[in-house]
Amino acid sequence: MFVMSALVVGMTACGEKARTTQKANDWVVDRFDDIKILRYEVPGFEALTLQEKMLVYYLNEAALCGRDILFDQNFKYNLPVRRTLEAIYADFPGDRSTPQWAAFEKYLKKVWFANGVHHHYSNDKFTPEFSEDYFDSLVMVTPTENFPQDFGSMGELMKVVKPVMFNPALYQKRLDQSAGQDMLAASSMNYYQGVTQKEAEEFYAAMAVPGDTTPISYGLNSRLVKENGKLVEKVWRVGGLYSPAIEKIVFWLEKAAEVAEPHQKETIEALISYYRSGDLKEFDRFNILWVQDTVSRIDFVNGFTETYGDPLGYKASWEGLVNFRNEEATKRTQVISEAAQWFEDHSPVDDKYKKERVKGVSAKVITAAILGGDCYPATPIGINLPNADWIRKDYGSKSVTIQNITDAYDEAAKGNGFQEEFVLREEDRERMRQYGNLGDNLHTDLHECLGHGSGQLAPGVKGDELKNYGSTLEEARADLFALYYLADPKLIELGVVPSDEVAKAEYASYIMNGLMTQLTRIKPGKDVEEAHMRNRKLISEWCYEKGKADKVIEMIQQNGKTYVVVNDFDKLRTLFGDLLREIQRIKSEGDFDAGKDLVETYGVKVDPKLHAEVLARYEKLHLEPYAGFINPVYKPVMENGQIIDIKIEYPTDYAAQMMDYSKNYSFLPTKN
Ligand code: ZN
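Residues numbered from 1 in each chain as written. Predicted model: local features only at pLDDT ≥ 70, side-chain atom pairs only at ≥ 80, totals over all residues. Heavy atoms only, no water.

## A look at the sheet that holds strand β3 (residues 35-39)
As a reminder of what qualifies: If DSSP finds at least two bridges between two strands, the strands pair. A run of H or I in DSSP becomes a helix once it reaches four residues, and a run of E becomes a strand once it reaches two; helices and strands are each numbered from the N terminus. Note on geometry: axes are C-alpha line fits, over the in-contact stretch for helices, and angles between N-to-C directions span 0 to 180 degrees.
Ordered in space as β2-β3-β14, the three strands form an open sheet in which the pairing is mixed. Single-partner strands in this sheet number two, and they are β2 (28-32) and β14 (626-630). The sheet shows a mean angle of 25 degrees between the axes of neighbouring strands, direction not considered.

Written out as structure tokens, the structure is:
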């Protein structure tokens with residue numbers, strides 16, 4: 001599970017960070033459409049030992065090799081479209097200063113950013129702002145041999161690519177989880193082919209072994225297809241689907257294993273074994289080894305990990321992340337994780353749904369060294385893994401806050417005018433200035449380290465009963481745990497916050513974002529769909545309604561503008577506790593109907609008037625609601641055939657990095 005920077009403000013929740021800056025400061029390297037690209041620094045890399053640097057380098061290569069996999073997972077025609085656009089982009093001999101070319105380049109930058117033709121967050125297909133005729137003219141002047149050849153002829157390639165780009169009625173959404181339809185038919189993701197939702201659900205329900213307390217993650221690493229009337233899993237492994245890319249990943253992991261310390265070596269070898277066999281039992285073995293390694297300074301995520309992209313929540317997108325521990329900042333999370341049992345015991349949740357013994361919650365603050373797959377260019381700011389409930393229960397989980405990424409957001413957001421526009425009271429603005437960053441980071445720590453790991457299921461409940469509402473409710477549970485404890489005197493006692501001002505800063509931002517400012521990410525007329533956004537809206541709207549009589553939260557109209565104000569922080573905390581108790585009950589009992597009711601009532605529908613107002617106010621500030629990152633580059637320094645050092649460089653050309661990745665890390669055929 002992950003947390004994206006929620007933030008349109010500076011506050012966050014699970015998820016991505018969406019702050020922006022009006023002035024182009026030097027942290028912003030590119031901006032297009034609703035996106036800005038930031039750079040991030042990797043402080044401390046130079047101080048690593050040579051062996052650690054080599055480990056980072058090899059894992060970094062492994063993290064870059066799966067990029068094509070994600071493109072193909074997101075939609076079956078993403079690779080043909082991307083490679084066609086890149087063939088044109090590389091050698092276009094004509095005028096690159098025309099508005100049509102600018103529109104073409106913008107479209108390509110969006111496809112790179114989203115790892116496909118659908119928006120990374122809203123899931124809606126992009127509409128090109130150049131004409132089909134212009135596109136034809138670009139194709140005409142590009143040498144035929146530069147285009148992908150797997151379709152036999154240019155005619156066949158264009159038959160695939162052009163409808164994707166220019167027919168808005170086709171493949172409208174990558175992911176559509178609206179109720180009352182076949183979600184697989186409505187979604188263009190490539191995790192299923194020719195299979196109905198009912199068939200897929202029955203297929204995986206039949207796999208579950210009654211009474212199995214250590215179930216594998218059914219369906220996690222395969223595409224489910226119908227062949228000759230039978231359902232078959234095409235497993236992603238060496239020798240299976242996506243083999244050419246997975247072989248490269250394995251190649252670099254083998255190098256990494258050679259320079260890793262014994263436990264980490266065994267961990268990496270288990271991952272390699274899983275990539276070779278596709279056996280999900282091996283994946284569990286890897287996760288158990290991985291979660292038990294709390295010593296290694298260098299750590300990584302590499303593989304089919306998060307299931308947010310599958311409407312049914314079985315199949316995982318490929319991601320890669322390499323990082324090392326920020327020793328100083330980790331002291332903060334260590335204090336919190338050492339008190340994990342205290343937090344569990346004192347939570348407002350029903351005693352029977354609390355963990356009697358919280359196991360191995362390890363939390364650290366990390367420095368990201370490379371982002372790959374589903375962590376690039378948009379990236380989480382916090383991650384908690386593994387995802388399998390029984391492994392979390394028996395072995396614990398590892399939780400990270402990615403501080404060099406949140407620092408980059410902070411730097412890029414300085415002076416962007418957001419607070420002046422949306423925060424009514426000077427006292428709130430002052431609190432956010434002073435404590436916003438700490439509040440954000442602590443929220444992420446608590447969400448990842450304690451929130452996701454807390455609670456337990458009732459006997460007989462498997463954990464997948466909440467279906468398409470599961471992700472939203474799980475994020476809400478983790479957010480509420482974090483919000484509830486942010487204002488607990490225990491945090492002052494532990495020395496991680498100086499006063500209750502930190503919680504007030506976070507509460508004010510969180511509610512403002514959930515009720516109002518996050519709407520900037522939604523196109524007019526659309527509902528809220530993404531799980532983290534639904535979660536924030538659900539929490540904020542529910543607390544607004546339940547506290548209405550006491551004016552706990554108020555929507556104030558002033559000078560024709562709407563402002564969200566929290567009046568009673570203590571009562572708001574009580575409401576967070578009440579909702580946490582209910583959502584934990586829903587999860588523990590697998591109460592689908594109650595979960596659906598909460599999400600549909602509070603998390604989905606948008607007030608069109610408020611929405612239009614927010615969009616207009618953002619527009620005036622020139623704030624892009626989404627951000628992503630350009631990666632550093634690692635270069636080995638050789639002497640007599642030996643690596644004697646690894647140098648880090650910080651490129652600033654987003655398009656050049658994407659073209660470089662497509663040239664050097666493109667291993668899959670165009671058709672998979
Ligand atoms: Zn989360």
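## Focus on the environment of S347
Condition: A contact between two residues is defined here by any heavy atoms of the two lying within 4.5 Å.
Looking at where S347 falls in the secondary structure, it is placed in the loop between α13 (340-346) and β9 (361-373). Through-space distance from the C-alpha of S347 to that of G577 is 7.8 Å; in sequence the pair is 230 residues apart. Look past the residues within four positions of S347 in its chain and what remains in contact with it is K354, F481 and Y485.

## Some words on the side chain of E61
This is how it is decided: For every residue, the accessible area obtained with a 1.4 Å probe (protein chains only) is divided by the maximum for its type, and the residue is called buried under 20%, exposed over 50%, and partly exposed between those limits. Under this rule, positive means Lys or Arg and negative means Asp or Glu; His and the chain ends count for nothing. In the sections that follow, a salt bridge refers to a side-chain nitrogen of Lys or Arg positioned within 4 Å of a carboxyl oxygen of Asp or Glu.
Relative to the helices and strands, E61 resides in helix α1 (residues 50-64). Put simply, E61 is tucked away with no salt bridge, and the nearest opposite charge, on K248, sits 9.8 Å away. In this view, E61 contacts W252 and Y665; residues no more than four positions away in its chain are not counted.

## A word on the packing of helix α12 (residues 327-338) against helix α17 (residues 426-451)
Inclusion rule: Angular relationships are summarised with four words: roughly parallel below 35 degrees, roughly antiparallel beyond 145, roughly perpendicular across 65 to 115, and oblique for the angles in between. Crossings are sorted by hand: turned counterclockwise from the far helix by less than a right angle, the near helix makes the crossing left-handed, and turned clockwise it makes it right-handed. When residue character is reported, Ala, Val, Leu, Ile, Met, Phe, Trp, Tyr, Cys and Pro are called nonpolar, Asp, Glu, Lys and Arg charged, and the others, Gly included, polar.
Following both chains from N to C, one finds α12 and α17 inclined at 40 degrees, their axes separated by 10 Å at the closest point. Compared by their axis directions, α12 and α17 come out oblique. In the packing of α12 onto α17, the handedness of the crossing is right-handed. The residues of α17 that touch α12, namely those facing R332, T333, I336 and S337, are L438, N441, L442, D445, L446, C449 and L450. Taken together, the residues of the contact of α12 with α17 sort by class into six nonpolar, three polar and two charged.

## Describing the side chain of Q657
If you trace the backbone, Q657 turns up in helix α25 (residues 654-664). Assessed through its relative accessible area of 5%, Q657 is described here as buried. Ignoring anything within four residues of it in the chain, the contact list for Q657 reads Y376, I630, N631, V633 and P651.

## Points about the sheet that holds strand β6 (residues 230-235)
Pairing is mixed across the open sheet formed by three strands, whose spatial order is β4-β5-β6. Of all the strands in the sheet, just β4 (192-193) and β6 have a single pairing partner and so form its edges.

## Topic: the pattern of salt bridges
Between side chains of opposite charge, a pair can form when the charged atoms approach closely. Enumeration over the complete set of coordinates arrives at 59 salt bridges. For R82, the salt bridge identified is with E86, shortest N-O distance 3.2 Å. Within this pair, R82 and its partner E86 are both found in helix α3 (residues 78-91), separated by four residues, close to a single helical turn. Among the ionic pairs, E649 bridges to K635, the shortest N-O distance being 3.1 Å. A residue pair is termed long-range when its members are at least 10 positions apart, and E649 in strand β16 (residues 642-649) and K635 in strand β15 (residues 633-639) qualify at 14 residues.

## A closer look at the packing of aromatic side chains
To keep things clear, this is the line we draw: Each aromatic pair joins two rings of Phe, Tyr and Trp (for Trp, the six-membered one) with centres within 6.5 Å, and gets the label stacked for planes under 30 degrees apart, edge-to-face for over 60, and tilted for any other angle.
Tallied over the entire structure, the rule returns 45 aromatic pairs. With 5.8 Å between their ring centres and 90 degrees between their planes, Y89 and W112 make a pair best called edge-to-face. Taken together, the positions of Y89 in helix α3 and W112 in helix α4 (residues 99-114) put the pair 23 residues apart, joining distant regions of the chain. The class of Y89 is buried, set by a relative accessible area of 11%. Looking at W112, the relative accessible area reads 1%, which means it is buried. Look at Y191 and W236: their rings are 6.0 Å apart centre to centre, the planes differ by 50 degrees, and that puts the pair in the tilted class. Taken as a pair, Y191 in the loop between α7 (183-186) and β4 and W236 in the loop between β6 and α9 (243-259) lie far apart in primary sequence, 45 residues in all. In this structure W236 comes out as buried when scored by relative accessible area, which is 1%.

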